[in-house]
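Chain and residue survey
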Amino acid sequence: MATLEKIRSKAGLLVGVVGVALFAFIIGDGLRSGSTFFQQTKEAVLTVDGQTVKIDEYMRRVTEMTDIYAMNGGSNLTDAQQSQLRNDVFETLVREILIEREAEKVGFSFTSQEMFDMVQGENISPMIQQMPMFQNQAGQFDKAALMRFLQIIETNDLSTYSDQDRAQIESSKKYWLFIESTLKQQRLEEKYGTLLAKAIVVNPIDAKAEFEDNQGSVDFDYVLKNYASVADSTVNVTTAEIEKLYQKRKKQFKQDPAVELKYIALTVAPSEEDFADVEKSMEKLKEEFVSSEDVSDLVNEVSDTQFSNSYASTSLLSPDATKFVEGAQVGEVQGPILVGNSYHMYKYLGKMIAPDSIRVNELTMPMFAEAELKHLTDSLVNLLKGGKTFADLAMELTGGRSNGDLGWLTDQAALTRLGEEFRNSIFDAKVNDIYVLKTITGTHLVQVTEKTKPVDKYKVADIAMSVEPSNKTTSEAFTRLNQYVLKNKTLESFESEAPAAGFVCQRSTVGQNEPLLAGIPSTRPIIRWAFENEKGEISDVTECDGYRYVVAMVENNLKKGYRPLASVADVLKRELIDDKKAEKIIADIQSKNCNSLEQCGEMLNLPVQSVKFVNFGTRRISGLGLEPALNVAAPVAELNQLSKPIKGKAGIYVLKVTEKHPATGEFNLEQQTQTLETQNAYRYMYQAMQSLRDKADVEDYRIRFY
């Protein structure tokens, strides 16, 4: 009892202790949850209405796309290509989220049965059918080739394959998974587009009007009074008018975050000392160049360009080399000679009289066994000697991909194309004879079809050394730019003092995912820096491509939303100026009371010009470009009647239709309806996806990671 009484007496304290413990537990768990939440947020590369894609998934897709690019012959992506690839992946992820969300809302999906039908069923996707790996020699889809491919990549036992083959199969599996993912996305978008298109019925009247609008056309004469012909000073645009137009057009100026930068890009040029050093190096090589009987190793070792064991006419030699060989003896050396930023030293090796170039037909034979190869080449030679043309034979053997014509080849081009044995043989070959040539690159069926007239040709060895800025020169340039930055840390002085210091200050507005600043290589780090800093901050002087230094200053931070009026005021003002000029020009034309187009042109001192075959569907009018007002006005204008003034993009038009060309095709209601429905599906799909994209809250966090 005493113990219970003691507990009761301490109940308040006990409750307090338990409460504190519970609070600590809850807070601790909450903090851990919060930590997880913040960690997930930090890992997000994008969100669409709160739905997150993490950086690991994004990078997996980027790697996948990079591998696909490499499989299709692409490698060593440039900064711009890498940026475009990342943007493509980003937009694909956004589209996937949006379309899958819409598909769930309306209740359609993509089933495994559909995938089977698109891949190996009765309705194989056109994308698969157009892949060269699944086509025969005639360029036609070969379902058997597709089935063999699927059988190989779906096998689980790879023990019978070599390491190289296993790697190829694994690579092909990844490629195929990408294809299937793409097919699924395309099919969902097709369904969505079809759903939208079917919501609007194409009626016979619309089909007939569309047919006539795009089949028929008109010719017309016109005069054009350009807006530029009226001085800007003759019209007045107020600030209030600009602000009113801005509010009307504000949605057009939606923008992602951006930064306005001032920057100086200094390209370092070689100094006089750098030129002198290279010239001295060339002089040291001269004795060895003169005495060497075989100069190919020396040239290949020290020159910027490789030695070419070929003869060239003077039309292919540089002016200095031409002047040298025309008066030199074999073995003579000249130079070093400075040409631009490179020194050249020439050695005259020989002369011959031969055609400058020849035209060649060529087919590379398969890697058959000797007996089988001889039987094939003998058969082909007999076919050609029997009257079959080389072009027809080549088209048959390559499935229409080549007619065998290599075009005109110089000595150097032939050497580069297929090697020295090939070059030597074809320049000695008789015109139109058929030859079988065996070289290190394989066996070739060859025919020389034409030769130019023989000319003097020369063999010249050329040691070329470009002059580049030395470490001393680049260091001095870096120091000079760095000292300028230390003295000019304000936005005003950074720009105003540049000319006196020998620099050019430029401006650029960059988005957070742009790969380069003003196209300068390796400037992505500067863009990342810009988005991490505020107005007035200045970057370090950054080396970009070895001989270029860049320093940037944040002039303005543009937040996500709408571009401010100040940044678009000039564009809006120009539009308002042209509108007011249009009013003046129209009033002037109407006051002339012209009776004919010729009279109108004479009174306005303008030439009468003509265009032909214009209709509603003409995208760009010959000589005028994009002028939709004329696409609308001309087809419905009366024949040989002077039109009223028409306001266009470039100025004010007056036109006269001189001829109308009616639709020549036969109208087919069913075919035209189907065409319109297909067009509508694509159009509505594009518009719908654009609308979904605009309405979605898409957050881009890629700047965090690269």
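From a predicted model like this one, the values you see are computed outputs, not experimental measurements.

1. Looking at the overall build of the protein
- For the protein, the count of helices and strands is 25 helices and 20 strands.
- For 706 residues, the compact-globule estimate of 2.2 N^0.38 gives 27 Å, and the protein exceeds it by more than 25% at 37 Å.
- A buried classification covers 39% of the 706 residues belonging to the protein.
- Intrachain contacts of the protein at a sequence separation of at least 6 include 69% that bridge at least 24 residues.
- Surface summary for the protein: the accessible area is close to 41,200 Å², and the carbon and sulfur share equals 51%.
- Within the protein, one finds 80 positive and 101 negative side-chain charges whose respective centroids are separated by 6 Å.

2. Section: the state of the cysteines
- Throughout the structure, instances matching the rule amount to zero disulfides.
- This cysteine, cysteine 544, is not joined by any disulfide, and cysteine 505 carries the nearest cysteine sulfur, 15 Å off.
- Of the cysteine sulfurs around cysteine 594, a residue in no disulfide, the closest is that of cysteine 600, at 3.7 Å.
- In this structure cysteine 594 comes out as buried when scored by relative accessible area, which is 16%.

3. A few points about the pattern of salt bridges
- Overall, the coordinates contain 37 salt bridges when judged by the stated rule.
- Of the charged contacts in the structure, one is a salt bridge between arginine 693 and glutamate 91, with a shortest N-O distance of 2.9 Å. Highlighted residues: arginine 693 in helix 25 (residues 669–695) and glutamate 91 in helix 4 (residues 79–106), separated in sequence by 602 residues.
- Relative accessible area serves as the criterion here: at 25%, arginine 693 is assigned to the partly exposed category.
- We classify glutamate 91 as partly exposed; its relative accessible area is 33%.
- Ionic pairing is found between glutamate 189 and arginine 95, a salt bridge with its closest N-O pair at 2.6 Å. In this pair, glutamate 189 is assigned in helix 8 (residues 163–198) and arginine 95 in helix 4, connecting sequence segments 94 residues apart.
- Classification of arginine 95 by relative accessible area gives partly exposed; the value is 32%.
- What you see here is one network of salt bridges that share partners, running through Glu57, Arg60, Arg61, Glu64 and Glu96.

4. Observations regarding the sheet that holds strand 1 (residues 44–48)
- Taking strand neighbours across the sheet as the criterion, the three strands line up as 2-1-20 in an open arrangement whose pairing is antiparallel. Only two strands of the sheet have a single partner each, and these edge strands are strand 2 (51–54) and strand 20 (698–700). The mean inter-strand angle of the sheet, taken between neighbouring strand axes irrespective of direction, is 20°.
- By the bridge criterion, three bridges tie strand 1 to strand 20 in an arrangement that is antiparallel. Paired with valine 48 across the strands is valine 698, a residue of strand 20.
- Of the strands in this sheet, strand 1 and strand 2 touch helix 3 (residues 55–71), which is tilted by about 60° from strand 2.

5. Description of a nonpolar patch on the surface
- On the surface, Phe616, Val632 and Val636 cluster together to form a nonpolar patch covering roughly 260 Å² of accessible area.
- With respect to the element layout, valine 632 can be found in helix 24 (residues 628–636).

6. Observations concerning the pairing of strand 3 (residues 217–226)
- Counted residue by residue, strand 3 has nine buried out of ten residues, so it is predominantly covered.
- Pairing analysis gives four bridges linking strand 3 to strand 17 (residues 609–614), with the strands arranged antiparallel. Within strand 17, the position partnered with aspartate 221 by the bridge is serine 610.

7. Observations concerning the sheet that holds strand 7 (residues 342–355)
- Ordered by their spatial adjacency, three strands build an open sheet running 6-7-12, and the pairing between neighbours is antiparallel. The sheet is open, and its two edges are formed by strand 6 (333–339) and strand 12 (454–466), each paired on a single side. Ignoring strand direction, the axes of neighbouring strands in this sheet form an average angle of 35°.
- Relative to strand 7, strand 6 runs antiparallel, the two sharing five bridges. Bridge pairing in strand 7 links isoleucine 337 to histidine 344.

8. Some words on the environment of alanine 637
- Along the chain, the position of alanine 637 falls in the loop between helix 24 and strand 18 (646–647).
- When its relative accessible area of 15% is taken as the criterion, alanine 637 is described as buried.
- Taking the C-alpha atoms as reference, alanine 637 lies 6.7 Å from valine 657; in sequence the two are 20 residues apart.
- Ignoring sequence-local partners within four residues, the contact set of alanine 637 consists of Leu655, Val657 and Lys660.

9. Looking at the confidence of the model for the protein
- Counting all residues, the mean pLDDT for the protein is 86, and 93% of those residues have values of 70 or more.
- Confidence, expressed as mean pLDDT per element, reaches its minimum in the protein at helix 1 (residues 2–9) with 37 and its maximum at strand 18 with 97.
- The low-confidence segment residues 1–38, where pLDDT is below 50, has zero contacts with residues more than four positions distant or belonging to other chains.

10. A few points about the side chain of asparagine 488
- In this structure, asparagine 488 sits in the loop between helix 18 (471–487) and helix 19 (491–496).
- At a separation of 2.9 Å, a polar atom in the side chain of asparagine 488 contacts the main-chain carbonyl oxygen of tyrosine 484.
- In contact with asparagine 488, other than residues within four places in its own chain, are Ser493, Phe494, Glu497 and Ile538.

11. As for the packing of aromatic side chains
- Under the definition given, this model contains 13 aromatic pairs.
- Taking the centre distance of 6.3 Å and the plane angle of 85° together, the rings of phenylalanine 134 and tryptophan 176 count as edge-to-face. Residue phenylalanine 134 is located in the loop between helix 6 (126–129) and helix 7 (143–153), and its partner tryptophan 176 is located in helix 8; the two are separated by 42 residues in the primary sequence.
- Since its relative accessible area comes to 0%, phenylalanine 134 is described here as buried.
- Arranged with centres 6.4 Å apart and planes meeting at 25°, the rings of phenylalanine 324 and tyrosine 346 form a pair that is stacked. On the criterion of sequence distance, the pair formed by phenylalanine 324 in helix 13 (residues 319–325) and tyrosine 346 in strand 7 is long-range, its members being 22 residues apart.
- Judged by relative accessible area, phenylalanine 324 falls into the buried class, the value being 4%.
- In textbook terms, an aromatic cluster arises when at least three aromatic residues are bridged by ring pairs, as seen for Phe134, Phe149 and Trp176.
- For the cation-ring pair, arginine 702 lies above phenylalanine 90, with the distance from its terminal atom to the ring centre recorded as 4.0 Å.
- Over the face of the ring belonging to tyrosine 701 we find arginine 704, whose NZ or CZ atom lies 4.2 Å from the ring centre.

So, how was this worked out
- Residue numbers run consecutively from 1 along every chain, following the written order of its sequence.
- Selection of residues for local features in this predicted model requires a pLDDT of at least 70, selection of side-chain atom pairs for listing and counting requires 80 or more, and totals for whole chains, interfaces and linings are taken over all residues.
- The side-chain quantities take in all heavy atoms of the structure and omit both hydrogens and water.
- Going along the chain from the N terminus, every DSSP run of H or I of four or more residues is numbered as a helix, and every run of E of two or more is numbered as a strand.
- For the radius of gyration, the atom set is restricted to C-alpha positions; the globular benchmark scales as 2.2 Å times the number of residues to the power 0.38.
- Throughout, exposure labels follow a simple rule: accessible area from a 1.4 Å probe, protein chains only, divided by the maximum for the residue type, with under 20% read as buried, over 50% as exposed, and the rest as partly exposed.
- Here a residue-residue contact requires only that any non-hydrogen atoms of the pair lie within 4.5 Å.
- Using a 1.4 Å probe, accessible areas were evaluated by the Shrake-Rupley method; residue-level cover was limited to the displayed protein chains.
- In this tally, Lys and Arg are treated as positive and Asp and Glu as negative; His is ignored, and so are the chain termini.
- To locate a charge, take atom NZ for lysine, CZ for arginine, CG for aspartate or CD for glutamate.
- Note on disulfides: each one is a pair of cysteine sulfur atoms within 2.5 Å.
- In what follows, salt bridge is the name for a side-chain nitrogen of Lys or Arg lying within 4 Å of a carboxyl oxygen of Asp or Glu.
- Pairs of strands are assigned from DSSP output, requiring at least two bridges between the strands.
- Note on method: axes are straight lines fitted to C-alpha atoms, helices fitted across the in-contact stretch only, with angles between N-to-C directions ranging 0 to 180 degrees.
- Only residues whose relative accessible area exceeds 30% and that form no salt bridge are eligible for patches; like-charged ones are grouped when within 9 Å, while nonpolar side chains (Val, Leu, Ile, Met, Phe, Trp, Tyr) are grouped when within 5 Å.
- Note on scores: pLDDT gives the predictor's confidence for each residue, bounded by 0 and 100.
- Between N or O atoms, a polar contact is any pair within 3.5 Å; within protein, one atom must be a potential hydrogen donor and the other a potential acceptor, and residues adjacent in sequence are included only when both atoms are from side chains.
- Two aromatic rings from Phe, Tyr or Trp, using only the six-membered ring of Trp, form a pair when their centres are within 6.5 Å; if the ring planes differ by under 30 degrees the pair is stacked, by over 60 it is edge-to-face, and anything between is tilted.
- Consider the ring centre and the ring normal. A charge sits over the ring if Lys NZ or Arg CZ is within 6 Å of that centre and within 35 degrees of that normal.

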